[in-house]
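Tertiary structure, described
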Amino acid sequence: MATTPNAVTPTEFTATPRSLLRRWTGADEIAHLITLIAAATLLLIAVLLVYQLWILSAEARTKFGWSFFVTKTWDPVAGDFGALPFIYGTLVTSAVALLIAVPLGVGAAIFLAELATPKLSSSLTFVSDLLAAVPSVIYGLLGVFLLVPVMRTTIQPALKKTLGFLPLFQGPSYGIGFLTAGIVLAIMIVPFVLSVSREVLLAVPRDQREAALALGATKWESTWKVVVPAARIGIFGSVFLALARALGETMAVTMVIGNNPKVAASLFSPGYSIASVLANEFSEATGNLYLSALIELGLVLFLLTFVLNGLARLLILVTTARGSGVLPT
Amino acid sequence: MRIVKVLTVLAVLLAVATFAAAEGPVLLNAAGATFPYPIYSKWFDLYHTAHSNVQINYQSIGSGGGIRQLLDKTVDFGASDGPMNDEQLKQATVPILHFPTVLGAAIPAYNVPGVQGELNFTPEALSGIFLGTVTKWNDPSITSANPGVKLPGDDIVVVHRSDGSGTSYIWTDYLSKVNPAWQSKVGKGTSVNWPVGLGGKGNEGVSALVQQTPGALGYVELIYAIQNHMPYGKVKNSSGVFVKADLASVSAAAAAAAKFIPDDFRVSITNPEGKAAYPIASFTWLLIPSKFTDSAKRDVVKDFLKWALTDGQNYAEGLSYAKLPKEVVAKEMKAIAQIQ
């Protein structure tokens, strides 16, 4: 037996892995280097972006200082610029969008992951992924030609009649404004929430469901008390991804928000967002101060995204320390 | 005799060769206003067909971008819907010349429930509406100009452009001239701090909002209105005549203003005198440096300008642009000599 090739193999095996290992260690280093470069490039791009925005906004920063954040005027002719209406509009439309899109997206994800047949689930997911690929200008056009008339003639008067005592739902119905922009944004970000949430829910181990069912839980109890909490962090992740998209969305918002730099309590009021004003005014901005104020708005949007993302991570940290999140984002 | 013949042929060949050598490829880059882009691209294309060695690239990135790129010298010449101001001209290393090329105009478009046909607008009504002091369709300043039209008591919803644009520049320039309150409170510009109203993106955004919103009044570039068969109102000019905007009345506005045009052509022709003149019109300009280091480029630019101001003008009306009146063309032809 010792002379058969079979017996030789083990010695070769012990030799081969060692040389392979040595070779693979080299490959490891190369792979390490390549991925490091990729990661460093991303960081570099972010740093360069902030650096450029910082440098180019110097004129506006020195002229307006911190008051830029609280000034309501935006007057290109007089050279008087403030970011408040744009920050407000960006936050309000994103909040409205999340309020609508999160329950809708997570609800749909639970249905698709837990209750629907696999065939139905995958075909609906396909449709949702298609929606995510539609260019935003299409959503804007649909908003202008379909949603805006319905908002003006039906939805806004109905809201005024039922909830009109709230300052949120008062004032004339133009059909465009914060609410309409929020709804269009919601439609745009639902696919993100749905798609990611469904994947995370599906990734929750089968054992956990079975354990819950074995303990006498109903299907719904197992879903709501075991699966969803386990997937919580991933679902949060999907919401932040959606939020990032909502904050930076340009075209669709511009077409339905009314483009009027106003800070108004009513969701029916026309408003303005940071991304919209950049898209609208950048190409025709002539004066240096004007341009630098627009660039500072870009910086503010970056800061806003940064702060919201930081808060989101903090939220995850707090809830994870307390809870039983098993899946990383 | 034969020798003479041969020599003649040789001489001709030589001349042709030198000529051809002088006509090396010339590549010019330009950038600026989006409003005249259709006619400019037509002109550059036709000019290239006639002079195959000349290629002019035009990027319609907006007037602001055009001016900036010209000052940064990343383009050979620029284009703008509003003239450069003194501060911008000071930043240029060589003096910049303005050449009007075609004319544009802005028209009032509206959607008043129950009203068909053309409405008349006085300067007082238009400026009052955009200032927010005239808020109802049955305001006396509107009804007095429209005898026989039954105007409802609906609120006026003002619609303006949200994107910076030459059309807004013309509109606000006009309002500044006819209303001192507008001049002091808002002023003129491609983007201004609008006292009231909703912003629509582009001509299409404004017209969509106007068509959808009962009681809306907005302003739209004349070409867009013509091409989309939009109904629009007449505006009272400084001679007291209600004039409907069309290519003839816009050219008439330029002709009426021709004798007041300064040598640098930086002039606003809104609210001019003249019975036939439509009051809300403006030139659009090519911005040409007065000195070129490259003589081949200089010669091409001069030749192109001469062609665009004469033969080129014939293509304007086909694309719904109003032509330059001949008084202005004559003045510009003289100014071309300033390019060195």
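Every value quoted in this text rests on a predicted model; they were computed, and no experiment measured them.

**A word on the overall build of chain A**
- The number of helices and strands found in chain A is 12 helices and 2 strands.
- Reading the secondary structure of chain A in the N-to-C direction produces α-α-β-β-α-α-α-α-α-α-α-α-α-α.
- The contacts of chain A with a sequence gap of at least 6 include a subset with a gap of at least 24, amounting to 78%.

**Let's talk about the environment of Gly298 of chain A**
Residue and element names in this part refer to chain A.
- Along the chain, Gly298 turns up in helix H12 (residues 288–322).
- Looking at Gly298, the number of C-beta atoms within 10 Å reads 19, which means it is partly exposed.
- When the C-alpha atoms of Gly298 and Ser238 are compared, they prove to be 24 Å apart, with 60 residues separating the residues in sequence.
- With near-sequence residues (within four places) excluded, Gly298 lies in contact with Leu53 and Leu278.

**Some remarks on the sheet that holds strand E5 (residues 120–121) of chain B**
All names here are of chain B.
- In space, the 3 strands of this open sheet follow the order E5-E9-E10, with mixed pairing throughout. Each end of this open sheet is capped by a strand with a single partner; those strands are E5 and strand E10 (242–243).
- Judged from the 2 bridges that link them, strand E9 (residues 234–236) and E10 form a sheet pairing that is antiparallel. Following the sheet pairing, Lys236 is matched in E10 by Phe242.

**Points about unusual backbone geometry**
All names here are of chain B.
- Residues other than glycine seldom take positive phi values, yet Phe265 does so here, at roughly 65°.
- Along the chain, Phe265 falls in the loop between helix H11 (247–257) and strand E11 (281–289).
- The phi angle at Ser320 is positive, at roughly 70°, despite the residue not being glycine.
- If you trace the backbone, Ser320 turns up in the loop between helix H12 (295–309) and helix H13 (326–335).
- We classify Ser320 as partly exposed; it has 19 C-beta atoms within 10 Å.

**What to know about the sheet that holds strand E1 (residues 26–32) of chain B**
Residues and elements named next belong to chain B.
- If you trace the 8 strands from one edge of the open sheet to the other, you get E2-E1-E3-E11-E4-E8-E6-E7, paired in mixed fashion. Looking along the sheet, the strands with just one partner apiece sit at the ends: strand E2 (54–59) and strand E7 (198–200). Taken over all neighbouring pairs, the strand axes of this sheet differ in orientation by 25° on average, direction set aside.
- In this structure, strand E4 (residues 96–111) lies alongside strand E8 (residues 216–221), joined through 6 bridges in antiparallel fashion. Bridging across to E8, Ala109 finds its partner in Gly218.
- Contacting E2, strand E3 (77–80) and E4, helix H2 (residues 37–50) runs over the sheet at an angle of about 165° to E2.
- Contacts between H12 and the sheet are confined to E1, E2, E3, E4 and E11, with E1 contributing the most and set at about 60° to the helix.

**Notes on the confidence of the model for chain B**
All names here are of chain B.
- For chain B, the mean per-residue pLDDT works out to 89, and 93% of the residues sit at or above 70.
- Scored below 50 in pLDDT, residues 16–21 makes 0 contacts in the model with residues more than four places away or belonging to other chains.
- The ipTM, which scores confidence in the relative placement of chains, is 0.78 for this predicted complex, and the corresponding pTM is 0.82.

**As for the nonpolar core**
- Membership of the largest hydrophobic core comes to 175 residues, with the highest contact counts inside it found for Ile189 and Val193 of chain A together with Ala105 of chain B.
- Counting residues per element, this core draws most heavily on helix H6 (residues 178–203) of chain A, at 17 residues.
- Setting aside chain neighbours within four positions, we find Ala105 of chain B in contact with Ile170, Leu222, Ala245, Val250, Tyr278, Ile280 and Ala281 of chain B.

**Digging into the pairing of E4 of chain B**
Residues and elements named next belong to chain B.
- Counting buried positions along E4 yields 15 of 16 residues, so the element is predominantly enclosed.
- Of the strand pairs in this sheet, E4 and E11 are connected by 9 bridges, and their pairing is antiparallel. Opposite Ala105, over in E11, you have Ala281 as the bridge partner.

**Some thoughts on the interface of chain B and chain A**
- Taken together, the 27 residues of chain B in the interface contact 24 residues of chain A.
- Sorting the residues of the side of chain B that touches chain A by element identifies helix H3 (63–71), E7 and helix H9 (202–212) of chain B as the ones contributing at least two each.
- Ranked by the residues each element gives to the side of chain B that touches chain A, the list is headed by H3 of chain B, at 4 residues.
- A breakdown of the residues in the side of chain B that touches chain A according to their chemical character gives 7 nonpolar, 17 polar and 3 charged.

**What to know about the environment of Asn57 of chain B**
Residue and element names in this part refer to chain B.
- Locating Asn57 in the fold gives a position in strand E2.
- When the 13 C-beta atoms within 10 Å are taken as the criterion, Asn57 is described as partly exposed.
- Taking the C-alpha atoms as reference points, Asn57 and Phe44, separated by 13 residues in sequence, lie 7.9 Å from one another.
- Look past the residues within four positions of Asn57 in its chain and what remains in contact with it is Asn29 and Ala30.

**Focus on the packing of H6 of chain A against helix H9 (residues 232–248) of chain A**
Residue and element names in this part refer to chain A.
- Here H6 crosses H9 at 155°, and the two axes come no closer than 8 Å. Between H6 and H9, the interaxial angle falls into the category roughly antiparallel. The two elements H6 and H9 cross, and the hand of that crossing is right-handed. Contacts between H6 and H9 involve Leu185, Met188, Ile189, Phe192, Val193, Val196, Ser197 and Val200 from the former and Gly234, Ile235, Gly237, Ser238, Val239, Leu241, Ala242, Arg245 and Ala246 from the latter.
- Taken together, the residues that form the contact of H6 with H9 break down as 12 nonpolar, 4 polar and 1 charged.

**Remarks on H11 of chain B**
Residue and element names in this part refer to chain B.
- Within H11, 8 of the 11 residues are buried, which leaves the element mostly enclosed by the surrounding structure.
- For H11, the set of buried residues is Ser249, Val250, Ser251, Ala252, Ala253, Ala254, Ala256 and Ala257.
- Looking at the buried side of H11, the elements it contacts are E4, helix H10 (222–227), E10, E11 and H13.

Scoring rules and cut-offs
- Residues numbered from 1 in each chain as written.
- Chains lettered and ligands numbered in written order.
- Predicted model: local features only at pLDDT ≥ 70, side-chain atom pairs only at ≥ 80, totals over all residues.
- Helix = DSSP H or I, 4+ residues; strand = E, 2+ residues; numbered from the N terminus.
- Contact = placed C-beta atoms within 7 Å.
- Buried ≥ 20, exposed ≤ 12 C-beta atoms within 10 Å, placed from the backbone.
- Pairing = 2+ DSSP bridges.
- Axes fitted to C-alpha atoms, helices over the stretch in contact; angles between N-to-C directions.
- pLDDT = per-residue confidence, 0-100.
- Core = buried A, V, L, I, M, F, W, Y, C linked by C-beta atoms within 7 Å.
- Nonpolar A, V, L, I, M, F, W, Y, C, P; charged D, E, K, R; others polar.
- Parallel < 35°, antiparallel > 145°, perpendicular 65-115°, else oblique.
- Left-handed = near helix turned anticlockwise from the far one by under 90°.

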